[in-house]
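Reading the structure
One-letter residues, chain by chain:
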Amino acid sequence: MELIDCAAVYEDIMYEMCGTGFQANALSVINRQQEIEAVPVHYGQWTKQYRSGVLVSSGVVSSCCDMWNERETKYCPHCGAKMNLEEKDNGT
Ligand SMILES: [Zn+2]
């Protein structure tokens, strides 16, 4: 299953089907679909310094919300971002 932005589809149909007489039909197809609530996925990565430039001697800092954690995790424990933007800095 793939999720799309309903408001964007509405807008696109209104533009693409303008003057065809089929806008109402197309929009009614959208209106019949099951609604699923979803939250956009946010991404981040673990770094060795805060945004201010202050380095951490132990643990890691998340790029998503600038919070410290004792170890790298798959998801940020502070904001839930998916931490798959790998960028290792082994210069410690
Ligand atoms: Zn975060």
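That block above? That's the structure.
Note that this is a predicted model, so its numbers are computed, not measured. (Residues numbered from 1 in each chain as written. Predicted model: local features only at pLDDT ≥ 70, side-chain atom pairs only at ≥ 80, totals over all residues.)

1. What about the overall build of the protein?
We count it as follows: We count a stretch as a helix when DSSP gives it H or I for four or more residues in a row; a strand needs E for two or more, and each element gets its number in order from the N terminus. Put simply, the radius of gyration uses C-alpha atoms, and a globule should come to 2.2 Å times the residue count raised to 0.38.
Tallying secondary structure elements over the protein gives two helices and three strands in all. Along the protein, helices (α) and strands (β) appear in the sequence α-α-β-β-β when read from the amino end. Relative to its length of 92 residues, the protein is extended, with a C-alpha radius of gyration of 22 Å against a globular reference of 12 Å. Seen through its principal axes, the protein has C-alpha atoms that stretch 65 × 25 × 20 Å.

2. A few points about the environment of Ile 13
This is how it is decided: With C-beta atoms placed from the backbone, a residue is buried if 20 or more other C-beta atoms are within 10 Å of its own, exposed if 12 or fewer are, and partly exposed between those counts. Whether two residues are in contact is decided by their C-beta atoms, placed from the backbone, lying within 7 Å.
For Ile 13, the location among the structural elements is in helix H1 (residues 6–16). You can call Ile 13 partly exposed: it has 19 C-beta atoms within 10 Å. When the C-alpha atoms of Ile 13 and Ala 24 are compared, they prove to be 9.5 Å apart, with 11 residues separating the residues in sequence. If we skip the residues at most four places from it in the chain, Ile 13 touches Gln 23, Ala 26 and Leu 27.

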